[in-house]
Amino acid sequence: MNTVAASAATAFVADRTDDAPRDEAYETVGEIHSPNARITVRDVTVWYGEKIGIENVNIDIGSNEVLALVGPSGCGKSTFLRCLNRMNDIIDNCRMSGTIRLDGDDIFDPKLDVVLLRARVGMVFQKPNPFPKSIYDNVAYGPRIHGLSETRADTDEIVQRSLERAGLWEEVKDRLEQPGTGLSGGQQQRLCIARAIAVSPEVILMDEPCSALDPIATARIEELIDELRQQYAIALVTHSMQQAARVSQRTAYFHLGHLVEVGETSQIFTNPRHTLTEDYITGRVG
Ligand SMILES: Nc1ncnc2c1ncn2[C@@H]1O[C@H](COP(=O)(O)OP(=O)(O)OP(=O)(O)O)[C@@H](O)[C@H]1O
Ligand SMILES: [Mg+2]
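Remember, predicted model here, so these are calculated numbers, not experimental data.

All right, on to unusual backbone geometry then. The phi dihedral of D43 is positive, around 55°, even though this residue is not glycine. Counting through the fold element by element, D43 comes out in strand β2 (residues 37-48). Look at D43 and you get partly exposed, because 15 C-beta atoms sit within 10 Å. The phi dihedral of N56 is positive, around 50°, even though this residue is not glycine.

Put into structure tokens, the structure is as follows:
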């Protein structure tokens, strides 16, 4: 990370206001705990200036699960996701209170290396964002800066394995030196997933990863998400109820910055407990 971002991160930590007033009364409906929690989020409130982005959120994200985050535009899904690898640090005016732990480690511990955190908690964005580098270097970049590959042969192996796991290897193996930006949208998104998994993360965050893709590319990414679940904890923001139903095991419903309800995806979609959840999934809101 560059120095500006690093100092912004420090300022962000220093600004945390753990004793700020918050809506203690808000209770999420459903089971927020996961038996195999990798990430635990407790009493997390995020402000943009004076404005609240999310308020008093409590939830676990477990290994081998896809947690779908759904809710109307502006309800705080991306804000929540960005907390988990401290991407909110780089937004001016953004402050938070509460605790987030990754495998028991406080991610706001001043001794924690944020660059390393972002390798452990990888992110895939709505719009594929390959680096302006070759396909090979897009994937090799992370392992190199994190010292995961010492020799060219190590790097070659990681690049090939990551591209294979992302379902892209066969399509690009003969053009690894060509720019990543020259691939189709769906291929670029798989390249970004390969880049995220190349550093062996523990958690993968995906913010509407298929919204710019056609149904065929979407189906490939969904298959991939299901496969990646075997190894990672995945949090997936989606506006598609069908997608949430297809790929997630648990679903969290956000509304106006509150985490309203969490539960097994099948229960949320067939038998929601909160009327706000019901209104949303039946199409009355959003
Ligand atoms: N950088 C920012 N500066 C100020 N306010 C912000 C910023 N980012 C988000 N917000 C506000 O925080 C709230 C939650 O926004 P967020 O982007 O998390 O919603 P979202 O659920 O991801 O919406 P969408 O489905 O449209 O992506 C909104 O009221 C939004 O206006
Ligand atoms: Mg968003």
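In this fold, V46 is placed in strand β2. In this structure the C-alpha to C-alpha distance between V46 and L276, which are 230 residues apart in sequence, comes to 22 Å. Those residues within four positions of V46 in sequence are excluded, and the remaining contacts are G53, I54, T79, C83, N88, C94 and M96.

Turning our eyes to something else, we now look at the sheet that holds strand β3 (residues 51-62). Spatial ordering of the open sheet is given by β3-β2-β5-β6, a layout of four strands whose pairing is antiparallel. Edge positions in the sheet fall to β3 and β6 (105-106), since each of these pairs with one other strand and no more. By the bridge criterion, two bridges tie strand β5 (residues 94-102) to β6 in an arrangement that is antiparallel. Each residue of the ladder has a partner; that of L102, found in β6, is D105.

Moving on, we come to the packing of helix α4 (residues 135-145) against helix α5 (residues 152-165). Viewed as axis vectors pointing N to C, α4 and α5 meet at an angle of 115°, and their least axial separation amounts to 9 Å. As for how α4 packs across α5, the hand of that crossing is right-handed. Contacts from Y136, V139, A140, P143 and R144 in α4 reach T155, I158, V159, S162 and L163 in α5. Classifying every residue of the contact of α4 with α5 by side-chain character gives seven nonpolar, two polar and one charged.

What follows concerns the pairing of strand β11 (residues 258-264). The buried fraction of β11 is high, at six of seven residues. By the bridge criterion, two bridges tie strand β1 (residues 29-30) to β11 in an arrangement that is parallel. Paired with V29 across the two strands is E261, which belongs to β11. Across six bridges, strand β10 (residues 250-255) lies against β11 in antiparallel orientation. Among the inter-strand pairings, T251 is bridged to a residue of β11, identified as G263.

Moving on, we come to the sheet that holds β1. The strand order across the open sheet built from seven strands is β1-β11-β10-β4-β9-β8-β7, with neighbouring strands paired in mixed fashion. In this open sheet, the two strands that pair with only one neighbour each are β1 and β7 (121-124). Relative to strand β9 (residues 233-237), strand β8 (residues 203-207) runs parallel, the two sharing five bridges. Across the sheet, I204 pairs through a bridge with I234, a residue of β9. Set on the sheet, helix α7 (residues 185-197) makes contact with β7 and β8; between it and β7 the angle comes to about 175°.

Moving on, we come to the confidence of the model for the protein chain. When pLDDT is averaged along the protein chain, the result is 90; 91% of the residues meet or exceed 70. The low-confidence segment residues 1-23 (pLDDT under 50) makes 27 contacts with residues lying over four places distant or belonging to another chain.

L69, I234 and L236 are the most contacted members of the largest nonpolar core, which totals 74 residues. Counting residues per element, this core draws most heavily on α7, at six residues. Those residues within four positions of I234 in sequence are excluded, and the remaining contacts are V66, I204, M206, I225, L228 and R229.

Thresholds applied
- Residues numbered from 1 in each chain as written.
- Chains lettered and ligands numbered in written order.
- Predicted model: local features only at pLDDT ≥ 70, side-chain atom pairs only at ≥ 80, totals over all residues.
- Helix = DSSP H or I, 4+ residues; strand = E, 2+ residues; numbered from the N terminus.
- Buried ≥ 20, exposed ≤ 12 C-beta atoms within 10 Å, placed from the backbone.
- Contact = placed C-beta atoms within 7 Å.
- Pairing = 2+ DSSP bridges.
- Axes fitted to C-alpha atoms, helices over the stretch in contact; angles between N-to-C directions.
- Left-handed = near helix turned anticlockwise from the far one by under 90°.
- Nonpolar A, V, L, I, M, F, W, Y, C, P; charged D, E, K, R; others polar.
- pLDDT = per-residue confidence, 0-100.
- Core = buried A, V, L, I, M, F, W, Y, C linked by C-beta atoms within 7 Å.

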